[in-house]
Amino acid sequence: MPNRKASRNAYYFFVQEKIPELRRRGLPVARVADAIPYCSADWAKPVFTPLRRPGMLVPKQNVSPPDMSTLSLKGDQALLGGIFYFLNIFSHGELPPHCEQRFLPCEIGCVKYSLQEGIMADFHSFINPGKIPRGFRFHCQAASDSSHKIPISNFERGHNQATVLQNLYRFIHPNPGNWPPIYCKSDDRTRVNWCLKHMAKASEIRQDLQLLTVEDLVVGIYQQKFLKEPSKTWIRSLLDVAMWDYSSNTRCKWHEENDILFCALAVCKKIAYCISNSLATLFGIQLTEAHVPLQDYEASNSVTPKMVVLDAGRYQKLRVGSSGFSHFNSSNQEQRSNTPIGDYPSRAKISGQNSSVRGRGITRLLESISNSSSNIHKFANCDTSLSPYMSQKDGYKSFSSLS
Amino acid sequence: MSGRARVKARGIARSPSATEVGRTQASPLPRSVDLSNNEASSSNGFLGTSRISTNDIYGISSGDAGSTFMERGVKNKQDFMDLSICTREKLAHVRNCKTGSSGIPVKLVTNLFNLDFPQDWQLYQYHVTYIPDLASRRLRIALLYSHSELSNKAKAFDGAILFLSQKLEEKVTELSSETQRGETIKMTITLKRELPSSSPVCIQVFNIIFRKILKKLSMYQIGRNFYNPSEPMEIPQHKLSLWPGFAISVSYFERKLLFSADVSYKVLRNETVLEFMTALCQRTGLSCFTQMCEKQLIGLIVLTRYNNRTYSIDDIDWSVKPTHTFQKRDGTEITYVDYYKQQYDITVSDLNQPMLVSLLKRKRNDNSEARLAHLIPELCFLTGLTGQATSDFQLMKAVAEKTRLSPSGRQQRLARLVDDIQRNTNARFELETWGLHFGSQISLTGRIVPSEKILMQDHICQPVSAADWSKDIRTCKILNAQSLNTWLILCSDRTEHVAESFLNCLRRVAGSMGFNVDYPKIIKVQENPAAFVRAIQQYVDPDIQLVMCILPSNQKTYYDSIKKYLSSDCPVPSQCVLARTLNKQGMMMSIATKIAMQMTCKLGGELWAVEIPLKSLMVVGIDVCKDALSKDVMVVGCVASVNPGITRWFSRCILQRTMTDVADCLKVFMTGALNKWYKYNHDLPARIIVYRAGVGDGQLKTLIEYEVPQLLSSVAESSSNTSLRLSVIVVRKKCMPRFFTEMNCTVQNPPLGTVVDSEATRNEWYDFYLISQVACRGTVSPTYYNVIYDDNGLKPDHMQRLTFKLCHLYYNWPGIVSVPAPCQYAHKLTFLVAQSIHKEPSLELANHLFYL
């Protein structure tokens, strides 16, 4: 005999609630069973009865876009000044579901950000992952090796989990009052959430942080400003770019030194860069070094000795009938002259002050120019020709002004 | 992937058989830890096996033959799932005859053998129940086998299902026996089914029978194959030994049941883990010994010779010693030393060694805690080759010399196996009790399809050998090339002079090809990935057509970061070359030619064509692969031709989050490809032929029910009024049959273009084998094609020849490749995305072969 009570599922109560309305419509419904045929269609679509207020029944995993009004961000100004925290925690892989310990937190990164100010502060720390569950050393090692490469044992930089958590709390909540919401990418949310809970357990500090997703934040900002919703694909492509991967002052010191791309701090900073680059500009904010790593791009305009443009084509034109070419002499020509290079035109010997002239090195050009004080103003001229988006023609012109 | 690896990959595309010795599962050269790990998991991955492996620790032996049935049952089901799918009966034009007729007939020998049995042969399936119920499978088997009714019958039993070749007298038989403890157990054997010899279950039982037979020939099962430890081939200079063995299977081919066998090798190192540890300790000293040891050993696969099983080392437990005790399953405590003495009569000599920990695979749907096995380093032998070993050219050469069997060598090994089976009395007895008879080797007639002419710009060239026509086209101009005017070369200080001489060479060869290359802007950068990426960010503007990077080392990050940035963030075709490649002075011309060809393709050029008689035909290649970083992401690569000459391609790669190898996104891709076709040709194609690679065992049904409808619906939507006809062909590079031609009393590899569409094919499918690659050394492996859907109604002859023609169109190799070009392109694309980019490449590049 089946348990009759078991039939009282959600649908039963839904139908029961509907009965008065159906009666009002004049339908002959005496019992729940009679009403079922009329309710099936309604069941399929979400109903906003007073009970189902948005936000009340929304499942936790599927975080709704943060309601900007609750953040008390009224108008652009408030939005621009609003402070967000981006957080990420790396783990030594993910252990299978039957394990009690799913993640082994090993690195944490967090930045304080506002659209107006850019990155205002950052927090980074390595975490001591604790004892690796017996038998999973290979699994964890392999996961680490394929991403952040943080050693799973004998890594003296790792801090105690309780201390790290305390420091994090101090970072995001220095003064008493409301705790700010924290954001991370939706793909990382499970891991970050789990790690926060795990670390809290270890440290016996109870503070439930509200962890929201960056994707929803972007939707929120966009909606606030333009009153329409951007597509998820657009947001994903906005957040997932490789262009800041190697930017200076993005990764933590250890990852920078070891030249490893995967860094918890870098993930947070890159979120900030992406949002600055695409959204802050829409608000008409002048990007500063705190918004995107501008210094890399400014630095690039002044030519460093190690990075020089050699334009062979330009040189070809220049060579013909250029008497001032002897400036291009190099000190290291001896070692280079014996490399067989086929019929390359520049191999041709050019008579001048130095008989064995070879090469089109602008390094040498620059060296020779900077050595000769009389050419200083021309060097400046040359400099502009080396700026990245200069057309070939312009480059040629400025070059010819040298001779 | 590094530039060097790319060069390697190109080489493999040319003739996989040269490097691949056995079957995949049995690959004797596990290249890396990952691969060998697969092997271990495959040996531990099944229901019965994992139980047995724990038994080794817990002290219950499980050696009886009856246990073989369930052992492989789980995996087998997947293999046999495909058998119940009949696609051919739905294809009217091949229902009566699926064989072609054109081409020169050629006599071929195969690695397939007849398996004869009486006409009325049947298998009887019984169900056995025990009262009271017994949990131990071993006990169940022992009790049943002790009965005289069954003792002299051929049987296979897994503890619940019993197969017999002869019917029992009664439909329900009741037996009873007494256990050692004096309990009386009642057994009821009930007849469930009578199976004809063609039933898939029968084929499963046949496979079990042959596994038993190989065991009787004192071969051991490792993974899915059988190896013979008693005849190892030693490579003493590298401390390696190879166990020869076979991959076998029994299945229904065109008309009858056949047994197939292929040679395979297992590479073992003649060094125990303990010896390895001792040597390491002497080298490194005690201070950082444990650390080094963990670094070097964890993740390797070991083999314990006492039971010939493989385990992966997941951890090392420094606190446990062989003198410590553990609890056996019956609750008694025993030391490891005593256990090995009792169980295997092995004396452990070093009592202070730590223990290796291996995580045993859990049963399916079992959420219990992970089980660990402790292993004694002294008894564990290292298997496979480390990355360090695979990069050792001498070592790999020595291994290849032993494993790369010529067709005649292979034939001899097969003949010996057959001889052994027929001579060994135990093996023969087993066969006879089942009523089977091992027959002769199958020979069949294949056909050699005519060779193809290569169409160049103003020249039609008939290559001397279709395997490599680089010499034949040296003086010809390629079909179409965009001239390269604004481009960049990035190199480091050290590589500057190589870059210059290379550039010079490149311009010369490109000129003779009809590809105009102007001087680039050369940018010198520091030798680190960040400098390369920054320089690219700085100097790449919308006018730049191509970026060439001369990489100082084959460190993966260089390639990955450059490709990642230039294929999605800032879509510009890129060409990475290793400085070391350019340093090979003698080969400069051929290297430059290859790179010039690649660059042409990356700019949207076309190199050559073959004559395609069908007008308005679109060919599509689909391949899938798992992302290297996040294992739950599938990379689906789709490539479609967009002109009737099949020289221009539309390529798209889609990432999907699923655990299965089935593509979700084909509709999106097909719609895009058809739009592209319409844009270029102002009409829709009349026919579409899809080649789908990357299909595993047991996926045929999903393919037919899930992927084909996606393709059909996109086709139907795009062409509401015109009729657009679709065919779907599954391409498999790995298949059991091998073919040899007999010539001058010796066997050789069959010539290029050999087609086999009888006997070795399956009756219920429209399938054929095509040999479209050359193996300089070793045995060539055919590519298997299975047409699962076909509206086009092309004659089998035409389908085969079209497939052969398409094998000529892979622009990364001036010769024929083992699979149709669209498949190879799709493979290349998925590989790039899965290894380096990890996200969808920009659609702006979709019209170029940017991934070559």
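For clarity, every value in this text was computed on a predicted model and none was experimentally measured.

**A look at the overall build of chain B**
Part 1: When helices and strands are counted, chain B shows 25 helices and 36 strands.
Part 2: Classification of the 852 residues of chain B by burial places 59% in the buried group.
Part 3: Pairs at least 24 residues apart make up 72% of the contacts formed inside chain B by residues separated by at least 6 positions.
Part 4: With the model as given, the accessible surface of chain B reaches about 33200 Å², and the carbon-plus-sulfur share is 50%.

**Description of the overall build of chain A**
Part 1: Scanning chain A from N- to C-terminus turns up 16 helices and 6 strands.
Part 2: Across the 403 residues of chain A, 46% fall into the buried class.
Part 3: Within chain A, contacts between residues separated by at least 24 positions form 66% of all contacts whose residues are at least 6 apart in sequence.
Part 4: Accessible surface, chain A as shown: approximately 21100 Å² in total, 52% of it carbon and sulfur.

**With respect to the sheet that holds strand β6 (residues 184–196) of chain B**
Neighbouring strands of a sheet are bound in pairs by backbone hydrogen bonds; such pairs are parallel or else antiparallel.
Residues and elements named next belong to chain B.
Part 1: The strand order across the open sheet built from 5 strands is β3-β4-β2-β6-β5, with neighbouring strands paired in antiparallel fashion. Edge positions in the sheet fall to β3 (155–157) and β5 (172–178), since each has one partner strand and no second. Mean inter-strand twist for the sheet, computed between neighbouring axes without regard to direction, equals 25 degrees.
Part 2: When β5 meets β6, the two strands line up antiparallel, connected through 7 bridges. Note on β6: the bridge partner recorded for T173 is I189.
Part 3: Here helix α7 (residues 137–145) sits on the sheet and contacts β2 (122–131), β3, β4 (161–164), β5 and β6; the angle it forms with β3, its principal contact strand, is near 155 degrees.

**Topic: helix α10 (residues 273–284) of chain B**
All names here are of chain B.
Part 1: Taking 1.5 Å per residue, 12 residues should reach 16 Å; α10 reaches 16 Å between its end C-alpha atoms and fits that length.
Part 2: Taken as a whole, α10 has its buried residues at V273, L274, F276, M277 and L280. All buried residues of α10 lie within an arc of 155 degrees about the axis, which places them on one face of the element. In α10, the exposed positions angled more than 90 degrees off the buried face are occupied by Q282 and R283.
Part 3: Where α10 is buried, its residues contact β11 (257–272), α11 (289–297), β12 (301–304), β14 (315–317), β17 (355–360) and β19 (380–383).
Part 4: Remark: G285 follows α10 within two positions and exhibits a positive phi of approximately 85 degrees.

**Focus: the packing of helix α17 (residues 496–513) of chain B against helix α21 (residues 588–602) of chain B**
Residues and elements named next belong to chain B.
Part 1: Interhelical geometry of α17 versus α21 gives an angle of 65 degrees and a closest axis separation of 8 Å. Between α17 and α21, the angle falls in the class roughly perpendicular. Remark: the crossing between α17 and α21 carries right-handed chirality. Residues S501, F502, C505, L506, R508, V509, A510 and M513 of α17 form the contact with α21, whose participating residues are M588, M589, A592, T593, I595, A596, M597, M599 and T600.
Part 2: Class assignment of the residues belonging to the contact of α17 with α21 gives a composition of 13 nonpolar, 3 polar and 1 charged.

**Structural notes on the domain arrangement of chain B**
Part 1: Here the domain parsing of chain B yields domain 1 (122–196), domain 2 (481–603) and domain 3 (615–735 + 786–845).
Part 2: Each of domain 1 of chain B and domain 2 of chain B has a C-alpha centre, and the two are 71 Å apart.

**So, the pattern of salt bridges**
Residue and element names in this part refer to chain B.
Part 1: Across all of its chains, the model carries 45 salt bridges over all chains by this definition.
Part 2: Between E231 and R416 there is a salt bridge, with its nearest N and O atoms 2.9 Å apart. Here R416 lies in helix α15 (residues 407–423) and E231 lies in the loop between β8 (225–227) and β9 (233–235), a separation of 185 residues in the sequence.
Part 3: Put simply, D262 and R410 hold a salt bridge, and the shortest N to O gap is 2.7 Å. Of this pair, D262 sits in strand β11 while R410 sits in helix α15, and the two are 148 residues apart along the sequence. Assigned by exposure class, D262 and R410 land together as buried.

**Regarding the nonpolar core**
Grouped burial of nonpolar side chains is what soluble globular proteins tend to show.
Residue and element names in this part refer to chain B.
Part 1: One finds W487, V547, W608 and Y825 to be the most contacted residues of the largest nonpolar core, which totals 118 residues.
Part 2: Mapped onto the domain boundaries, this core takes at least three residues apiece from domain 2 (481–603) and domain 3 (615–735 + 786–845).
Part 3: Residues contacting Y825, with those up to four places away along its chain left out, are V639, W649, L809, Y810, Y811, L849, Y851 and L852.
Part 4: Grouped together as the second largest cluster of nonpolar side chains are 53 residues, V624, V642, L703 and I771 included.

**Observations concerning the sheet that holds strand β3 (residues 118–126) of chain A**
All names here are of chain A.
Part 1: Taken in spatial order, the 5 strands line up as β3-β2-β1-β4-β5 in an open sheet, and their pairing is mixed. The two strands at the open ends of the sheet, each matched to only one other strand, are β3 and β5 (211–213). In this sheet, neighbouring strand axes are inclined to one another by 30 degrees on average, regardless of whether the strands run parallel or antiparallel.
Part 2: As paired elements, strand β1 (residues 83–94) and strand β2 (residues 103–114) share 10 bridges and run antiparallel to each other. Bridge pairing in β2 links F86 to V111.
Part 3: Running at roughly 85 degrees to β1, helix α6 (residues 189–203) makes contact with β1, β2, β4 (182–184) and β5 of the sheet.

**Remarks on the packing of aromatic side chains**
Residue and element names in this part refer to chain B.
Part 1: All told, the structure shown has 42 aromatic pairs over all chains when counted by the stated rule.
Part 2: What links up through ring pairs into an aromatic cluster is the set Y306, F326, Y336, Y339, Y340 and Y344.
Part 3: Seen from the ring of F381, R305 lies directly overhead, with NZ or CZ sitting 4.0 Å from the centre.
Part 4: Across the ring face of Y680, the terminal group of R648 is positioned such that the distance to the ring centre comes to 4.9 Å.

**Side note on the confidence of the model for chain B**
Part 1: Of the residues in chain B, 89% reach a pLDDT of 70 or more, and the chain-wide mean stands at 83.
Part 2: Under a pLDDT of 50 for its full length, residues 1–76 of chain B has, in the predicted model, 201 contacts with residues more than four places off or in other chains.

**Comments concerning helix α4 (residues 137–145) of chain A**
Helical geometry note: an α-helix holds 3.6 residues per turn, so side chains three or four residues apart project in the same direction.
Part 1: Turning to α4(A), its buried residues number three or more, namely R137(A), F138(A), C140(A) and S144(A). Seen along its axis, α4(A) keeps its buried residues to an arc of 165 degrees; they face one direction.

**Some words on the pairing of strand β36 (residues 783–790) of chain B**
Residues and elements named next belong to chain B.
Part 1: Where burial is concerned, most of β36 is hidden: 7 out of the 8 residues are buried.
Part 2: The sheet contact formed by strand β31 (residues 725–732) and β36 spans 6 bridges and is antiparallel. Its bridge partner lying in β36, S727 is registered against D790.
Part 3: Bridging between strand β35 (residues 766–771) and β36 involves 5 bridges; their strand directions are antiparallel. The residue bridging F768 from the neighbouring strand is Y785, located in β36.

**Let's talk about the packing of α15(B) against helix α16 (residues 425–433) of chain B**
Residue and element names in this part refer to chain B.
Part 1: One can describe the packing of α15 onto α16 by two numbers: an axis separation of 5 Å at closest approach and a directional angle of 75 degrees. By the angle between their directions, the pair α15 and α16 is classed as roughly perpendicular. Here I421, Q422 and R423 of α15 come into contact with α16, specifically with T425, A427, R428 and L431.
Part 2: When the residues that make up the contact of α15 with α16 are grouped by side-chain class, the tally is 3 nonpolar, 2 polar and 2 charged.

**A word on the side chain of T383(B)**
Part 1: With respect to the helices and strands, the residue T383(B) is situated in strand β19.
Part 2: Side-chain polar atoms of T383(B) contact the backbone oxygen of I301(B), separated by 2.9 Å.

**Considering the confidence of the model for chain A**
Residues and elements named next belong to chain A.
Part 1: Counting all residues, the mean pLDDT for chain A is 68, and 62% of those residues have values of 70 or more.
Part 2: Residue range residues 46–73 is modelled with pLDDT below 50. Its contacts to residues more than four positions away, or to other chains, number 35 contacts.
Part 3: Between residues 299–403, whose pLDDT stays under 50, and residues either more than four places distant or in other chains, the model counts 156 contacts.

Analysis parameters
Throughout, a residue's number is its position along its own chain's written sequence, starting from 1. Throughout, the order in which chains and ligands are written sets their labels, letters from A for the former and numbers from 1 for the latter. Note on the predicted model: pLDDT of at least 70 is required for a residue's local features to be given, and 80 or more for side-chain atom pairs to be given and counted; whole-chain, interface and lining totals, by contrast, use all residues. The side-chain values count all of the structure's non-hydrogen atoms but skip hydrogen atoms and water molecules. A run of DSSP states H or I qualifies as a helix once it reaches four residues; a run of E qualifies as a strand once it reaches two. Both are numbered from the N-terminal end. A simple rule labels every residue: compare its accessible area, found with a 1.4 Å probe on the protein chains alone, to the largest value its type can have, and call it buried under 20%, exposed over 50%, or partly exposed in between. Any two residues whose heavy atoms approach within 4.5 Å are treated as being in contact. The Shrake-Rupley method, run with a 1.4 Å probe, gives the accessible areas here. Residue values count only the displayed protein chains as cover. For two strands to be treated as a pair, DSSP must find at least two bridges joining them. Think of each axis as a best-fit line through the C-alpha atoms, taken over the contacting stretch in the case of a helix, with angles from 0 to 180 degrees between the N-to-C directions. A helix is expected to span 1.5 Å multiplied by its residue count minus one. This arc corresponds to the set of directions leading from the helix axis out to the C-beta atoms. In this scheme, roughly parallel covers angles under 35 degrees and roughly antiparallel covers those over 145, while 65 to 115 is roughly perpendicular and the rest are oblique. Helix crossings fall into two classes, left-handed where the near helix is turned counterclockwise from the far one by less than a right angle and right-handed where it is turned clockwise. Each residue receives one of three labels: charged for Asp, Glu, Lys and Arg, nonpolar for Ala, Val, Leu, Ile, Met, Phe, Trp, Tyr, Cys and Pro, and polar for the others, Gly being one of them. Domain start and stop points were drawn from an automatic or database domain assignment. Within this document, salt bridges are pairs made up of a side-chain nitrogen of Lys or Arg and a carboxyl oxygen of Asp or Glu, the two lying within 4 Å of each other. Grouping buried Ala, Val, Leu, Ile, Met, Phe, Trp, Tyr and Cys residues that are joined through side-chain atoms within 4.5 Å yields what is termed a nonpolar core. Between the rings of Phe, Tyr and Trp (Trp by its six-membered ring), a pair exists once the centres lie within 6.5 Å; its type follows the angle of the planes, with under 30 degrees stacked, over 60 edge-to-face, and the other angles tilted. Lysine NZ or arginine CZ positioned within 6 Å of the ring centre and within 35 degrees of the ring normal marks a charge as sitting over the ring. A score from 0 to 100, pLDDT tells how confident the predictor is in each residue. Here a polar contact is recorded for every N or O atom pair within 3.5 Å, except that within protein the pair must consist of a potential hydrogen donor and a potential acceptor, and residues adjacent in sequence are included only if both atoms are side-chain atoms.

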